[in-house]
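Observations on the model geometry
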Amino acid sequence: MKTVGMTWAAVGLAILLSTACERAAPESPPPAPAEVSDEATGHYCGMLLADHEGPKGQIHLKSRDGPIWFSSVRDTIAFLRLPEEPRDVAAVYVNDMGRASNWDQPEAGAWVDARAAWYVVDSSMRGGMGAPEAVPFATESAAEAFRATHGGRIVRLDDIPDAYVLGPVDLPSSMPEREHEH
């Protein structure tokens, strides 16, 4: 009887050891947000981020060094939802407009994890390229203060409708022209 018990113990130990070996190594922490350089260009528009007002986004892929830049949060979210885009997302950051004092070009360090942010959609503010923007905030109270001034509604990332970020855009008929030095 002792031999049977030791055999079962050995089998159990072998199963435990093989299971432990099959486990993947713990994932490394996500990369920190990068700061927008003078050369950073939007993934979809191919234009300099500095030429676009409003909050920006960046996506870090496991298969790529450096972030993919977006001239709007709307484009950042579209990338996450489009089936033809890479799925190996390591981190997604958007400008925290509650910490930014400059709508046109949010300051360095004003980033928040896109999955943790609160968004104001359907507000009166427009983002890069003049499209409606999903304006991100690190806190719900900052989102509420923005909503009280600019209208809209507060949602989380997963609650932003696909049509809001993937649908057609009605641009205002009288967009102001801005001169930029290159």
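Everything here concerns the structure above.
Residues numbered from 1 in each chain as written. Predicted model: local features only at pLDDT ≥ 70, side-chain atom pairs only at ≥ 80, totals over all residues. Heavy atoms only, no water.

1. Structural notes on unusual backbone geometry
Positive phi values are uncommon outside glycine, yet Asp 122 reaches one of about 65°. The partly exposed category is assigned to Asp 122, whose relative accessible area is 43%. (Buried < 20%, exposed > 50% of the residue type's maximum accessible area, 1.4 Å probe, protein only.)

2. Some words on the environment of Tyr 93
Residue placement: Tyr 93 occurs in strand E3 (residues 89-95). Tyr 93 sits 26 residues away from Pro 67 along the chain, and the two C-alpha atoms are 9.7 Å apart. Reaching out from Tyr 93, the side chain makes a polar contact with the backbone oxygen of Pro 31 at a distance of 2.5 Å. (Helix = DSSP H or I, 4+ residues; strand = E, 2+ residues; numbered from the N terminus. Polar contact = N/O pair within 3.5 Å; in protein donor to acceptor, adjacent residues only side chain to side chain.)

3. Focus on the side chain of Ser 123
Examined against the element boundaries, Ser 123 turns out to sit in the loop between strand E5 (118-121) and strand E6 (135-137). On the basis of relative accessibility, which here comes to 15%, the residue Ser 123 falls in the buried class. Within the structure, Ser 123 has its side chain in polar contact with the backbone nitrogen of Met 125 (distance 3.2 Å). In this structure, Ser 123 is in contact with Val 135, Phe 146, His 150, Gly 151 and Gly 152, ignoring residues within four places of it in sequence. (Contact = heavy atoms within 4.5 Å.)

4. Considering the environment of Ser 28
Along the chain, the position of Ser 28 falls in the loop between helix H1 (2-22) and strand E1 (57-61). In this structure, the C-alpha to C-alpha distance between Ser 28 and Ala 90, residues 62 residues apart in sequence, is 9.5 Å.

5. Description of the pattern of salt bridges
In the structure shown here, the tally under the stated rule is three salt bridges. Between Arg 81 and Asp 162 there is a salt bridge; the shortest N-O distance is 2.9 Å. One end of the pair, Arg 81, is in helix H2 (residues 73-81); the other, Asp 162, is in helix H4 (residues 162-166), and 81 residues separate them in sequence. Given the relative accessible area of 23%, Arg 81 is considered partly exposed. Salt-bridge contacts for Arg 147 lead to Glu 144; the nearest nitrogen and oxygen are separated by 2.6 Å. Note that Arg 147 and Glu 144 are positioned in helix H3 (residues 140-150) at a spacing of three residues, about one turn of the helix. Residue classification places Glu 144 among the partly exposed residues on the basis of a relative accessible area of 34%. (Salt bridge = Lys/Arg side-chain N within 4 Å of Asp/Glu carboxyl O.)

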